[in-house]
Every structure is written in structure tokens, then in C-alpha cells.
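Chain by chain, the residues:
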Amino acid sequence: MPIRALLYTWREIVIPFLGGVIFFTFVFLMFQAVRLADYFINHGVGFWLLAKLTVYISSAFLPVVLPLSFLVAVLVGFGRMSADAEIVAFKAAGISIVRLYLPVLFSSIAVSAAVFYLAFNFIPWANHQFKRTTLKLGNTKVVSNLKEGVFTEGFFDLLVYADKVDTDANQMRGVFIFDERDPKSPSVIVASRGTIIPQKTDSDLSSAAIMSLENGAIHRPDASREFYEKIDFNEYNLLLRVDEGRTGEISYPKTMTQAQIGAAMREYKAKNDQPHYVEYSIEYWRRVALGLAPLIFGVLGVGLGTVRMRNVKSNALLICVAIIFVYWAGNLLGSMLAEKGWVSPFLGIQFSNILAIPTAIVAFRRAMW
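Since the model is a prediction, treat every value here as computed from it, not as a measurement.

**Points about the overall build of the protein chain**
Of regular secondary structure, the protein chain possesses 10 helices and six strands. Within the span of the protein chain, comprising 369 residues, buried residues form 44% of the whole. Relative to all contacts within the protein chain whose residues are 6 or more apart in sequence, the contacts with residues 24 or more apart total 66%. Entry remark: accessible area of the protein chain is about 20200 Å², with carbon and sulfur atoms responsible for 62%.

Now the structure itself:
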């Protein structure tokens, strides 16, 4: 009977936990929707690259999403059992709240281990990849949509004007192009007709095209030699290409593994560089605090979840919001105190956990009637 009871309790928290992960990830991702839309519309990234950016952004939320989801799951699971008097039935059968807490304990250890791994290794890699990709996008001029009667900048570093534009056929009429890619020899190209032929590239972050121009002329002044050159043509193919932008070295706390941050902390401490030491220490202990949160939320959720609630799901969510508000308010206060040097980074970042532990113990003891 105890084994079946423990499995029953575990099933009560698993489904809400998975639902919470999906829900909170979606909520956090909504705040990044405009950013992702900008990459798709203004930078012209493909679906595959957009999907990778979405994964990078979503993964950064997981160290926060997993503890939140676990807290909601425990509150919902034990709240429902309490509302249906199942907790009372278990106790009458000799199964104490401590035994019912065992599935929560094992689950909280698993969630905590996942958060530690993600925060220590995977999330820094994802942050590094996201920053690297966005820097490349920022360094790459992407083809803009040409419009009739409008001077369009950012078209492979060219200024382009066309009287008529046929987007279906990629054709233009009455074309004017100002090419200043070589500042020493800028040129103006006019043509009666032009066709844009996109070309495949070996990278998602580079672009290329051939602009085939007909019946026009190239005007090129040369101030250094004091002459003006005009070349008439019947057909002129202008090869346009922008290679993938470069990023250089990307290194700041959120893109570094826990071991790298620890090495940087020791280096800055040896140099007596207190501002950088505090900056890296705050990130170091923040990851540790996030990893410990599921262990505390498990005890707190069992204690508060055994309180009788009429509407279990909505009240559980309200309790979760209240807990998270107080928890993260304490986290922000501790971070501010640590940044100002009033407390150590360890104490400042662990401030919320230090406050939550006695609250969780008191709530759990009240559930052991």
C-alpha cells in the first residue's frame, strides 16, 4: 500500500509539472516575440536559424522555469488531495505526511540536478551561441524589400531606387544605384531594367545575389586623377555578396561555465579587482541559488498545499505568484546589497533561500498534524 500511495502522489505532481514547464516557457517566450519577429522580418533569417534562436532564448529561461513549475505542481497536487480529503485518508491509513513527501523529495532532487546542469554548463553555451549569432546578424547587411519610388538603403550596402518593382518576377524598371562600397571610387549606375537573381550561400548568415542590368551606364568620377568616366552597356551583371559577419571573442559571466567563472573570480581576487570579482561572484552564486530552489520549494509546496482550497488550481497559482514575488524581491534586494558591497555576494544572492527555509519548515510542520 505505501508504494502505491507514493506512486499515486508522484503522478499527482508530474502532470502539473510538465504543464507548468510548457506554460511558463510560453509566457517568457511571449516577451521575446517582438525580438524574434525583428530577426525574421528585418534581418531575413530563415526558419531553421529562427528555430535555433528560439531554442537559445527558451533554454535561458529553464533555470527559472523548472523551479517555478515544480512549486506549482506540488501546490496543485497536494492541494487537490487535501481538498478531496485524500490527505486525511492517507493519514488514517497510517501513511504520514513525511512518507507522502518522499516522491516530492526525489523529484525535487532530480529537478535541482537538472537546474544545476543547465545553469552550470548548457545555458552558458546557449547564451554564447545566441550572442554570437545576433552579433553576426548585426554585422550582416540583409537584403531589404525594394519599394517603388523609394530610395532603399541596406541593399548589399547599396542605395537603390526603382520607378517600378515587380516583386513576383524580381524585376525593376527605371533603376538608379549609388555604390559607395569603395569610398575612393564611388559610382552611380542607371539602367532601364534590372533583374535580381538570388544566389545560394554556404552559411545561414550570409547572402548573395546577381543584379542583371540592361541598357544603362556607369558613372564613376575620380577626384584624385581629376577625370570623369562613363561606361555605356547593354547588359551588366553586378555580383553582390555579404559574407557572414565576425564576432571575435565573446566572454562575460552569462556565457561562461561555472568552472570558468570560478577561475575568473580567483583571478580578479588576486588582482584585488573588487568590482569584477563581485560581478562574477553574483552570477556564480545566483546559479547555485537557482539549483537549491527546487529543494526548498518542495518542502514549502507540501506545507502550503495541504491547506484546504476550494478552487485548487487558481489558488495554487495565486500562492505561487505570491511566493515568487516575495522570493525574487528578496533576490533583487540581496543582489543590490551585494553590488554595493554591503554584504558578501554569497549572502546577498542566498538571501531569498535563507528567508524561505524557515518558512518552508514552519509550513511543513503545520501539515504534520
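From this point on, the discussion continues.
**What about the pairing of strand β2 (residues 158-166)?**
Where β2 meets strand β3 (residues 171-179), eight bridges bridge the pair, whose relative direction is antiparallel. Residue valine 160 lies in a different strand from β3, and its bridge partner there is isoleucine 177. Remark: four residues form the turn of the hairpin made by β2 and β3, two consecutive strands paired antiparallel; asparagine 170 in that turn has positive phi of roughly 55°.

**Overview of the packing of helix α6 (residues 258-270) against helix α7 (residues 274-305)**
Helix packing geometry: the angle between the two helix axes and the distance between the axes. Closest axis-to-axis distance for the α6/α7 pair is 9 Å, and the angle between their directions is 150°. As judged from the angle between their axes, α6 and α7 are roughly antiparallel. By crossing handedness, the relation of α6 to α7 is classed as left-handed. Counted together, Gln258, Ile261, Gly262, Ala264, Met265, Tyr268 and Lys269 of α6 and His276, Tyr277, Tyr280, Ser281, Glu283, Tyr284, Arg287 and Val288 of α7 form the full contact between these two elements.

**Overview of the packing of aromatic side chains**
The full count for this structure, using the stated rule, is 16 aromatic pairs. Ring geometry for phenylalanine 122 and tryptophan 125: centres 5.6 Å apart, planes at 40°, overall tilted. One end of the pair, phenylalanine 122, and the other, tryptophan 125, are both in helix α5 (residues 97-139), three residues apart, so they sit about a helical turn from each other. The class of phenylalanine 122 is partly exposed, set by a relative accessible area of 28%. Within the aromatic cluster, the residues linked to one another by ring pairs are Tyr56, Phe122 and Trp125. The aromatic ring of tryptophan 342 is capped on one face by lysine 340, whose charged end is 5.9 Å from the ring centroid.

**Quick look at the nonpolar core**
Ranked by internal contacts, the top residues of the largest apolar core, which has 53 residues, are Phe78, Ile97, Val104 and Val302. Element by element, the count of residues in this core is highest for helix α3 (residues 47-83), at 17 residues. Not counting residues up to four positions away in its chain, the partners in contact with isoleucine 97 are Phe78, Ile87, Lys91, Val302, Thr306, Phe364, Ala367 and Met368. Formed by 20 residues, the second largest nonpolar core is a distinct cluster that contains Ala162, Val175, Ala209 and Ile218.

**As for the pattern of salt bridges**
On inspection of all chains with the given rule, the structure shows eight salt bridges. Between arginine 80 and glutamate 86 there is a salt bridge, with the nearest N and O atoms lying 2.8 Å from each other. In this structure arginine 80 comes out as partly exposed when scored by relative accessible area, which is 23%. Across the salt bridge formed by arginine 286 and glutamate 283, the nearest N and O atoms sit 3.5 Å from each other.

**Here we look at the confidence of the model for the protein chain**
With 85% of its residues at a pLDDT of 70 or more, the protein chain has an overall mean of 81. Contacts from residues 139-144, a stretch scored under 50 in pLDDT, to residues over four places away or in other chains number 22 contacts.

**Quick notes on a nonpolar patch on the surface**
A surface patch of nonpolar side chains, amounting to about 340 Å² of accessible area, comprises Phe106, Ile109, Leu292 and Leu295. Elements with a contribution of two residues or more to the nonpolar patch: α5 and α7. Tracing the backbone through its elements, the reader meets leucine 292 in helix α7. Owing to a relative accessible area of 30%, leucine 292 belongs among the partly exposed residues under this scheme.

**What to know about a negative patch on the surface**
A cluster of acidic residues, Glu148, Asp163, Asp166 and Asp168, forms a negative patch at the surface. Among the secondary structure elements, aspartate 168 is positioned in the loop between β2 and β3.

**Points about unusual backbone geometry**
In this model, asparagine 215 sits at a positive phi of 50°, which is unusual for a non-glycine residue. With respect to the helices and strands, the residue asparagine 215 is situated in strand β5 (residues 207-222). Of note in this structure, asparagine 272 is not a glycine but carries a positive phi near 60°. Examined against the element boundaries, asparagine 272 turns out to sit in the loop between α6 and α7. Take asparagine 272: its relative accessible area is 65%, and that puts it in the exposed class.

**Things to note about α3**
The end-to-end C-alpha distance of α3 is 47 Å, clearly below the 54 Å that 37 residues give at a rise of 1.5 Å each. Its axis deflected by about 50° at leucine 62, α3 carries its strongest bend there, up to four residues before the proline proline 63. Here α3 lies mainly inside the structure; 26 of its 37 residues are buried. Looking one or two residues past α3, alanine 85 carries a phi angle of roughly 65°, positive in sign.

Definitions and cut-offs
Residues numbered from 1 in each chain as written. Predicted model: local features only at pLDDT ≥ 70, side-chain atom pairs only at ≥ 80, totals over all residues. Heavy atoms only, no water. Helix = DSSP H or I, 4+ residues; strand = E, 2+ residues; numbered from the N terminus. Buried < 20%, exposed > 50% of the residue type's maximum accessible area, 1.4 Å probe, protein only. Contact = heavy atoms within 4.5 Å. Areas by Shrake-Rupley, 256 points an atom, 1.4 Å probe, with all protein chains shown as cover. Pairing = 2+ DSSP bridges. Axes fitted to C-alpha atoms, helices over the stretch in contact; angles between N-to-C directions. Parallel < 35°, antiparallel > 145°, perpendicular 65-115°, else oblique. Left-handed = near helix turned anticlockwise from the far one by under 90°. Phe/Tyr/Trp six-rings, centres within 6.5 Å; stacked < 30°, edge-to-face > 60°. Lys NZ or Arg CZ within 6 Å of the ring centre and 35° of its normal. Core = buried A, V, L, I, M, F, W, Y, C linked by side-chain atoms within 4.5 Å. Salt bridge = Lys/Arg side-chain N within 4 Å of Asp/Glu carboxyl O. pLDDT = per-residue confidence, 0-100. Patch = residues over 30% accessible without salt bridge, like charges linked within 9 Å, V, L, I, M, F, W, Y side chains within 5 Å. Lys, Arg positive; Asp, Glu negative; His and termini not counted. Charge placed at Lys NZ, Arg CZ, Asp CG, Glu CD. Expected span 1.5 Å × (residues − 1). Bend = angle between axes of the 7 residues up to and from the residue.

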